[in-house]
Amino acid sequence: MQFLSKGVEKFVNDSIELCQPDKVMLIDGSEEQLNALRAEAVATGEMIKLNEELLPGCYLHRTKPNDVARVEGRTFICTEKQETAGPTNNWMQKDEAYKMLRDIYRGAMKGRTMYIIPYSMGAVGSPFSKIGIELTDSIYVVLNMNIMTRVGQKVLDQLGSSDDFVRGLHAKADVDAEKRYICQFPEDNTIMSVNSAYGGNVLLGKKCFALRIASYQGWHEGWMAEHMLILGLEKPNGETKYIAAAFPSACGKTNLAMLIPPEEFAKRGYKIHTVGDDIAWIRIGKDGRMYAINPENGFFGVAPGTNVKSNPNALASTRKNTIFTNVCHNLENNTVWWEGLDKNPPKKAIDWQGNPWGPEEQAAGIKGAHPNSRFTAPTINCPCLSDEFENPQGVPLDAIVFGGRRAKTAPLVYEARDWNHGVFVGSIMASETTAAASGAVGVVRRDPMAMLPFCGYHMADYFAHWIEMGKKVKHQPKIFNVNWFRTDEEGHFLWPGFGDNMRVLDWIIRRTEGTAKAVETPIGYVPDPADININGLDMTEADIANLLSVDKELWRQDAEGIEEFYKKFGDKLPKELRHELDVLENNLR
Ligand code: GTP
Ligand code: SPV
Ligand code: MN
């Protein structure tokens, strides 16, 4: 095949020779072509067309039960030297990885069609944006990429004869979990994903490119790729402040990004505008502030727990032109259902594994939807999408927020003393694992900046890059840490969360403006309990004080865990972070 870009031409032709597809199809982005693919996927049973009246343009897809989440154990950073990937990544020597992978890809598309997907991360032509070419043998991937990114001929036109694009080769092969590999080659702008057909493993623009490859690019080019939502908080005076927040997978980014303020705030005119729910690319603007774009064009959101109360905006986003993956198929009206959607589970349904499902199965504790089942919804469906979503320059950040799932230790919110302390706060993040990745759920692990599974290079270099960026930026965003997940002795959440998180955002914004009070503690500034607005909440100031308490003994234990974690990085750990840990230990003495 011929392309204006000789790099694209070589990549496509080499891949055709390796994978030996029967047919090759260039995805031009036209509705005719996409409709034909939808019809084909329905005809082969790959996707199920849902009720056109209730869910227009929506489809259901089930992946194999062994292929329902990211696979961190089989995800590799492949570089010349191990030092580049660092101690927190699985590593393979890149030439050895290419050799091993070529054997798996050889002939893998025989009898299948290879689709060529030109896509742009970020608005086509924005100075922030980057282009990728994904080759895949999966219509599901084509249709998801068409929602999650900007796809088609317009992207090739933008690329022109340039070779500056990220190569992504995906083959379902036999969906053999033993031969599954998600390999990133950051030195070569290349991704190879094989033997999976599930979301984060195969929608290569998302975690593989926009975080693993892009974080490495950002390190070299002076910008940052982060696992962050971006939201605009509009105040009654019409001014909008922007916040980016990093929480690990399935820890509340989509929910916070689409938050609906409680009555107490709504009646005064506060509004939240969604810019992004998962990924932020951050650059320093000419005015010395940090600017962020959301490089994606859709939401790949967790379905279970999404309902009219918890996240009406997310639910509304899924009512048309959405692809559902591994949710429960409601046969009563050919729609979808998942745990936590409503108290009305279908009597006649098919579960995420393709088995009949109804009241009996439910009573037996069998789930209708997989805990990591997802919706792929276009951003334009979101009722609270920010007017700035397409702004090629991004939005200026006033605050950066870190957070995780901690039953104890971390208070509801605290503020870092300065930028370097904020980098420290991000670097020591810990959170309970979730169903978003295969493996045990509920185990506390260190997940710095929510990037442990997504940083494409040595984590100590990544920390150093954060510190460097702080030096370069004239107006540093303030840095905070939040924890919506503190529990009592019986394991009940102490904080109502969801819309009420607005009360914490309000304090954060007032801190950036210098109008809210705080108390100094060994770990940083926490609010004066009286400064968290609890009007309309069934809570007392004493409850808030409890949520904000800093238990020195628990923090001493945490500091020991941080010492252990930091040991991994040896001499490469930036001295600024070593200093912050010394300060913390001293404060706790
Ligand atoms: P990824 O898409 O995997 O990156 O996840 P995410 O960070 O966007 O998480 P999401 O918003 O989808 O939330 C994941 C789970 O956390 C859902 O089951 C939510 O119901 C739950 N959750 C979100 N916000 C809150 C909160 O404020 N409090 C409590 N208790 N649960 C929450
Ligand atoms: C996450 O796991 O953080 C996700 C879903 O956003 S996935 O695309 O599978 O990575
Ligand atoms: Mn995510």
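Residues numbered from 1 in each chain as written. Chains lettered and ligands numbered in written order. Predicted model: local features only at pLDDT ≥ 70, side-chain atom pairs only at ≥ 80, totals over all residues. Heavy atoms only, no water.

**Quick word on the coordination of the manganese ion (ligand 3)**
- Taken together, the protein donors to the manganese ion (ligand 3) comprise K207 (NZ), H227 (NE2) and D278 (OD), at separations of 2.1 to 2.5 Å.
- Metal-centred angles of 64 to 173° between the six donor atoms at the manganese ion (ligand 3) mark the site as irregular.
- In primary-sequence terms, the residues that donate to the manganese ion (ligand 3) follow K-x19-H-x50-D. Here K207, found in helix 8 (residues 205-221), pairs with D278, found in the loop between strand 15 (271-276) and strand 16 (280-284); they are 71 residues apart in sequence, far enough to count as distant. Like K207, the residue D278 is buried in the burial classification. (Donors = N, O, S within 2.8 Å, 3.2 Å for Na, K, Ca; no water. Tetrahedral: all angles 85-135°; square planar, octahedral: opposite > 155°, others 65-115°. Helix = DSSP H or I, 4+ residues; strand = E, 2+ residues; numbered from the N terminus. Buried < 20%, exposed > 50% of the residue type's maximum accessible area, 1.4 Å probe, protein only.)

**Things to note about the packing of helix 13 (residues 419-427) against helix 18 (residues 575-588)**
- Relative to each other, helix 13 and helix 18 sit at 85°, their axes nearing to 9 Å. Here helix 18 runs roughly perpendicular to helix 13, going by the angle between their axes. Side by side, helix 13 and helix 18 meet where N420, H421, V423, F424 and S427 of the first sit next to E576, L577, E580, L581 and L584 of the second.
- Looking at the contact of helix 13 with helix 18 residue by residue, the classes come out as five nonpolar, three polar and two charged. (Axes fitted to C-alpha atoms, helices over the stretch in contact; angles between N-to-C directions. Parallel < 35°, antiparallel > 145°, perpendicular 65-115°, else oblique. Contact = heavy atoms within 4.5 Å. Nonpolar A, V, L, I, M, F, W, Y, C, P; charged D, E, K, R; others polar.)

**A look at the pairing of strand 15**
- The buried fraction of strand 15 is high, at five of six residues.
- Where strand 13 (residues 228-234) and strand 15 come together, five bridges link them in antiparallel fashion. From the neighbouring strand, E234 faces strand 15, where its bridge partner is K271. (Pairing = 2+ DSSP bridges.)

**What to know about the layout of surface pockets**
- Here the largest pocket is characterised by a volume of approximately 990 Å³.
- Among the secondary structure elements, those contributing two or more residues to the lining of the largest pocket are helix 8, helix 9 (253-257), strand 18 (298-302) and strand 24 (374-378).
- The element contributing the most residues to the lining of the largest pocket is helix 9, with four residues.
- Taken together, the residues of the lining of the largest pocket break down into 20 nonpolar, 17 polar and eleven charged.
- Three or more residues apiece are contributed to the lining of the largest pocket by two domains, here domain 1 (6-58 + 68-222) and domain 2 (226-298 + 386-588). (1 Å grid on protein atoms, 1.4 Å probe; cavity = no way out; pocket = protein on both sides within 12 Å on 5 of 7 lines; lining within 4 Å. Points joined across faces, edges and corners; volume = space filled by probe spheres on them. Domains from an automatic or database assignment.)

**Topic: the environment of S549**
- Checked against the element boundaries, S549 lands in the loop between helix 16 (541-548) and helix 17 (552-567).
- When its relative accessible area of 29% is taken as the criterion, S549 is described as partly exposed.
- Residues S549 and M459 lie 90 residues apart in sequence; the distance between their C-alpha atoms is 30 Å.
- The residues touching S549, leaving out its near neighbours within four places in the chain, are P411 and R486.
- A distance of 2.7 Å separates a polar atom in the side chain of S549 from the backbone oxygen of N546. (Polar contact = N/O pair within 3.5 Å; in protein donor to acceptor, adjacent residues only side chain to side chain.)

**Thoughts on the site of ligand 1**
- The local shell around ligand 1 holds 21 residues, among which A250, K253, T254, N255 and R374 are the closest.
- Contacts to ligand 1 include N255, whose side-chain N or O atom sits 2.8 Å from an oxygen atom.
- The separation between an oxygen atom of ligand 1 and a polar side-chain atom of N501 is 3.0 Å.
- Within the complex, the protein chains bury 90% of what would otherwise be the 660 Å² of accessible surface of ligand 1.
- Here ligand 1 occupies the largest pocket. (Near = heavy atom within 4 Å. Areas by Shrake-Rupley, 256 points an atom, 1.4 Å probe, with all protein chains shown as cover. Sits in = over half its atoms within 2 Å of the grid points.)

**Observations concerning the site of ligand 2**
- Neighbouring ligand 2 are R70, G200, K206, K207, H227, S249, D278, F300, R374, A436 and F454.
- A distance of 2.5 Å separates an oxygen atom of ligand 2 from a polar side-chain atom of S249.
- Across the complex, the protein chains shield 98% of the 280 Å² of accessible surface that ligand 2 would expose by itself.
- Most atoms of ligand 2, that is more than half of them, are within 2 Å of grid points of the largest pocket.

**Observations concerning the packing of helix 2 (residues 31-44) against helix 5 (residues 139-148)**
- At a minimum axis distance of 10 Å, the contact between helix 2 and helix 5 shows a crossing angle of 140°. Put simply, helix 2 runs oblique to helix 5. Read as a crossing pair, helix 2 and helix 5 show a hand that is left-handed. Contact residues: helix 2 offers L34, L37, R38, E40 and A41, while helix 5 offers I139, V142, L143 and N146. (Left-handed = near helix turned anticlockwise from the far one by under 90°.)

**Some details on unusual backbone geometry**
- Residue N189 is not a glycine yet carries a positive backbone phi of 50°.
- Phi angles above zero are rare outside glycine, and F498 is one such case at about 50°.
- Relative to the assigned elements, F498 resides in the loop between strand 29 (478-482) and helix 15 (502-513).

**Some details on the pattern of salt bridges**
- Using the criterion set out here, one finds 41 salt bridges in the structure.
- Across the pair K567 and E564 runs a salt bridge, and its minimum N-O distance is 3.0 Å. In this pair, K567 and E564 are both assigned in helix 17, three residues apart and thus about one turn of the helix distant.
- According to the relative accessible area criterion, K567 is exposed, its value standing at 58%.
- One salt bridge connects E576 with K575, and the closest N-O pair in it is separated by 3.4 Å.
- A relative accessible area of 16% means that E576 is categorised as buried. (Salt bridge = Lys/Arg side-chain N within 4 Å of Asp/Glu carboxyl O.)

**Brief notes about the domain arrangement of the protein**
- Taken domain by domain, the protein comprises domain 1 (6-58 + 68-222) and domain 2 (226-298 + 386-588).
- Using C-alpha coordinates to define each centre, domain 1 is positioned 31 Å away from domain 2.
- Counting residues at the interface gives 38 residues for domain 1 and 40 residues for domain 2.
- Counting the surface lost from both domain 1 and domain 2, the interface buries some 3,400 Å², and carbon and sulfur atoms represent 56% of this.
- Taken together, the links from domain 1 to domain 2 amount to six salt bridges. (Buried area = accessible area lost by both parts, 1.4 Å probe.)

**Describing the packing of aromatic side chains**
- The tally for this structure, following the rule as stated, stands at 25 aromatic pairs.
- Relative to F569, the ring of F463 has its centre 5.6 Å away and its plane inclined at 80°; by these criteria the two rings are edge-to-face. Of the two residues, F463 sits in helix 14 (residues 459-472) while F569 sits in the loop between helix 17 and helix 18, which places them 106 residues apart along the sequence. Neither residue differs from the other here; F463 and F569 are each classed as buried. (Phe/Tyr/Trp six-rings, centres within 6.5 Å; stacked < 30°, edge-to-face > 60°.)

**Remarks on helix 15**
- Over its twelve residues, helix 15 extends 16 Å from the first C-alpha to the last, a length consistent with the 16 Å expected when each residue adds 1.5 Å.
- Taking burial as the measure, the twelve residues of helix 15 include ten buried ones, the bulk of the element.
- Listed as buried for helix 15 are M502, R503, V504, L505, D506, W507, I508, I509, R510 and R511.
- Positive phi appears at G514, one or two residues downstream of helix 15, with a value of about 75°. (Expected span 1.5 Å × (residues − 1).)

**Let's talk about empty space enclosed by the protein**
- Going through the model one piece at a time under the given rule, you end up with three cavities of 30 Å³ or more.
- Size it by volume and the largest cavity reaches roughly 110 Å³.
- When contributions to the lining of the largest cavity are tallied by element, the ones reaching two or more residues are strand 29 and helix 17.
- A per-class count over the lining of the largest cavity returns eight nonpolar, four polar and two charged.
- If you go around the second largest cavity, the residues you meet are G122, A123, S126, S129, R150, I293, N294, F389, E390, N391 and P392.
- Residues of the lining of the second largest cavity, tallied by class, amount to four nonpolar, five polar and two charged.
- Domain assignment of the residues forming the lining of the second largest cavity places at least three in each of domain 1 (6-58 + 68-222) and domain 2 (226-298 + 386-588).

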